[in-house]
Number of protein chains: 2
Amino acid sequence: MLYRLPRNLGEDDLERRKPESSRLKKPSNPRSDPAFRDKLRDTVMGIGRRLIVQEGLASVQARRIASEAGCAVGSIYNVFQDLDALIIALNTVTLGELGSALKAAHDASKNAPTHERLLALAQAYFEFAGSNRQLWRAIFEHHLPEGAKAPAEYRDDQNSLFALVEDCLIDDISDAAERRRAARALFASVHGIVSLALDRKLGEFEPDETRKQIEFLVGCAARGLQAK
Amino acid sequence: MLYRLPRNLGEDDLERRKPESSRLKKPSNPRSDPAFRDKLRDTVMGIGRRLIVQEGLASVQARRIASEAGCAVGSIYNVFQDLDALIIALNTVTLGELGSALKAAHDASKNAPTHERLLALAQAYFEFAGSNRQLWRAIFEHHLPEGAKAPAEYRDDQNSLFALVEDCLIDDISDAAERRRAARALFASVHGIVSLALDRKLGEFEPDETRKQIEFLVGCAARGLQAK
DNA sequence: CGGCCTTTTTGAACGGCGTTCAAGCCGTAC
DNA sequence: GTACGGCTTGAACGCCGTTCAAAAAGGCCG
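Model, not experiment: these values are computed from the prediction. (Residues numbered from 1 in each chain as written. Chains lettered and ligands numbered in written order. Predicted model: local features only at pLDDT ≥ 70, side-chain atom pairs only at ≥ 80, totals over all residues. Heavy atoms only, no water.)

1. A few points about the nonpolar core
Leu102(A), Tyr125(A), Val194(A), Leu102(B), Tyr125(B) and Val194(B) are the most contacted members of the largest nonpolar core, which totals 96 residues. Among residues more than four places away in sequence, those in contact with Tyr125(B) are Leu98(B), Leu102(B), Trp136(B), Phe140(B), Phe187(B), Val190(B), His191(B) and Val194(B). (Core = buried A, V, L, I, M, F, W, Y, C linked by side-chain atoms within 4.5 Å. Buried < 20%, exposed > 50% of the residue type's maximum accessible area, 1.4 Å probe, protein only. Contact = heavy atoms within 4.5 Å.)

Rendered as structure tokens:
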């Protein structure tokens, strides 16, 4: 049972503690210096990331992190509002890395036909999810408490992923709204295939089978677009 | 919540206490009668289901269920090995209901062309997920502990869902392996679209937009199959 | 140096979780 | 009546996230 009961989450706590906020009041204590804070923040995030990679999201626990970071539990709550905020920060990093991977595939196939470009993106997505399984899973395993909204950065990152697909369809779908919809549908489709494949809920994970499913889907979509 | 290896129970504790098993040893106490056990079992499952529907999977808690069922926490562990087993039992029910919904759509479109049949299935899936959000989410939110495997029934249920899609493709894809792959890919694709739409991680849930995405995907796939 | 002040760090404490298990309870059998 | 099971019970155990009063740490000033 991997999720948690809702916690309170300030809307933008990820944006706290910007350098300029500390300029308003000169810190009389160097430990209130952003550098100090950021150091612990980085340490905590590093440990959190390692925990996700090695054991999964469920192992991101306050006491665990504190003991590995050599500090008290309370200190974690000094740099992150709560564990949700830490997880969101970690997932934002992962989302960024996923974005880079997709962007690389997108750029590399710049002048190829639509079919190839879509396939390159889909394969890059699958590749990333497969070789960063736990990090990737963490993105979708983590659920915000009922009221809370994902930070803007989160949604922007997701939108920029969709935009990569959208860009591949620019020659095939002239209407912008329709293109946007198609891009999201295709992205979600590949996500669905990868998602069900990695959630070993039906038998073991078979990379080759998954790859072929992706090829089938993208092939159908590309042909379907042309035949339109 | 760790899956301790069962004391003496095999993987099918859901199947325990069938009438025939009680014939082997006549119970010396009526409370060991299947009827008694099943009554509590049903009560617990009823409460569990209501908790999922009303508040989500996270509210399926031992103390909560016990208090609503008017029994002690320990009694729950007499009819379910642990909460995971309860959740799996609940999800199995949901999976069955989903299967019925899809089968109805499948049967109703018996003689329609492939495109319509696929669309009917996809729409039925979306319809089910949308009007049973929490129950549907619970299926994918719940993760088995590392070592454990889903019960056979679970996988059989999933396979029978795929089979419905497969059946729609029988005229379009002659090779059985390829048809199987296509069915899974399409199912997963629709699942992906519905999944990302309902996980309000990117903006609010917009049923109409989702419906159009599904129409786009199925349309592409159907045309793509013909153009093959 | 010793106060003074600010901010961080600390970890015991709180409430809640899943799960266990010794002790009691309760029909039945003898 | 007594003995025998299995069922029920709920306190207890060991976790969890989170809080917050108290302690500590570092700069400042007289």
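Right, picking up where we left off after that structure.
2. Thoughts on the side chain of His106(A)
Residues and elements named next belong to chain A. Positionally, histidine 106 belongs in helix 5 (residues 83-108). At 2.7 Å, the side chain of histidine 106 and the side chain of aspartate 167 are in polar contact. Excluding residues that lie within four positions of it along the chain, histidine 106 makes contacts with Arg117, Leu121, Leu164, Asp167 and Cys168. (Helix = DSSP H or I, 4+ residues; strand = E, 2+ residues; numbered from the N terminus. Polar contact = N/O pair within 3.5 Å; in protein donor to acceptor, adjacent residues only side chain to side chain.)

3. Points about the packing of helix 5 (residues 83-108) of chain B against helix 8 (residues 152-168) of chain B
All names here are of chain B. It is the contact of helix 5 with helix 8, at a shortest axis distance of 10 Å, that shows an interaxial angle of 15°. One finds that helix 5 runs roughly parallel with respect to helix 8. Crossing of helix 5 against helix 8: the hand is left-handed. Across the interface between the two elements, Ile88, Asn91, Thr92, Leu95, Gly96, Leu98, Gly99, Leu102, Lys103 and His106 from helix 5 touch Glu153, Tyr154, Asp157, Gln158, Leu161, Leu164, Asp167 and Cys168 from helix 8. (Axes fitted to C-alpha atoms, helices over the stretch in contact; angles between N-to-C directions. Parallel < 35°, antiparallel > 145°, perpendicular 65-115°, else oblique. Left-handed = near helix turned anticlockwise from the far one by under 90°.)

4. Examining the interface of chain B and chain A
Contact residues are listed per partner, giving 54 residues for chain B and 51 residues for chain A. A buried area of about 4400 Å², summed over both sides, lies between chain B and chain A, and 65% of it is on carbon and sulfur atoms. Ranking the residues of chain B by area buried against chain A places His143(B), Lys201(B) and Phe216(B) at the top, with a combined share of 18%. The tally of links between chain B and chain A comes to two salt bridges. Between Glu209(A) and Arg181(B) there is a salt bridge, with its nearest N and O atoms 3.0 Å apart. Applying the counting rule to chain B against chain A returns four residue pairs in polar contact (both at pLDDT 80 or more). In terms of residue class, the side of chain B that touches chain A is built from 28 nonpolar, ten polar and 16 charged. (Buried area = accessible area lost by both parts, 1.4 Å probe. Salt bridge = Lys/Arg side-chain N within 4 Å of Asp/Glu carboxyl O. Nonpolar A, V, L, I, M, F, W, Y, C, P; charged D, E, K, R; others polar.)

5. Brief notes about the state of the cysteines
With the rule as written, the count across this model stands at zero disulfides over all chains. Cysteine Cys220(A) is unpaired, with the sulfur of Cys220(B) as its nearest cysteine sulfur at 8.9 Å. Given a relative accessible area of 1%, Cys220(A) falls into the buried group. (Disulfide = S-S within 2.5 Å.)

6. A closer look at the pattern of salt bridges
For the structure shown, the criterion picks out 19 salt bridges over all chains. Here Lys110(B) ties to Asp107(B) by a salt bridge, and the two come within 4.0 Å at their closest N and O atoms. Taken together, the salt bridges that share partners define one network made up of Arg50(A), Glu55(A), Arg64(A) and Glu68(A).

7. Here we look at the environment of Asp167(A)
Here Asp167(A) is to be found in helix 8 (residues 152-168). Separated by 13 residues in sequence, Asp167(A) and Arg180(A) place their C-alpha atoms 9.3 Å apart.

8. What about the packing of aromatic side chains?
According to the stated counting rule, one finds ten aromatic pairs over all chains in the structure shown. Measuring from ring centre to ring centre gives 6.1 Å for Tyr125(B) and Trp136(B), while their planes differ by 80°; the resulting arrangement is edge-to-face. In this pair, Tyr125(B) sits in helix 6 (residues 114-131) while Trp136(B) sits in helix 7 (residues 133-141), placing the two residues eleven residues apart along the sequence. Between Tyr125(B) and Phe187(B), the aromatic rings sit 5.3 Å apart at their centres with planes inclined by 70°, giving edge-to-face as the arrangement. Of this pair, Tyr125(B) sits in helix 6 while Phe187(B) sits in helix 9 (residues 176-198), placing them 62 residues apart in sequence. Here Tyr125(B) matches Phe187(B) in class, with each residue buried. Of the aromatic side chains, those joined through ring pairs into one cluster are Tyr125(A), Trp136(A), Phe140(A), Phe162(A) and Phe187(A). (Phe/Tyr/Trp six-rings, centres within 6.5 Å; stacked < 30°, edge-to-face > 60°.)

9. A closer look at the relation of the copies chain B and chain A
Once chain B has been moved 0.0 Å along the axis and rotated by 180°, it coincides with chain A to within an RMSD of 0.0 Å. Here the transformation between the copies is reduced to the relation of a two-fold axis. Mapped onto chain A, 89% of the interface residues of chain B are again interface residues, and the two copies thus contact each other with one and the same surface. (Least-squares fit on C-alpha atoms with pLDDT ≥ 70 in both.)

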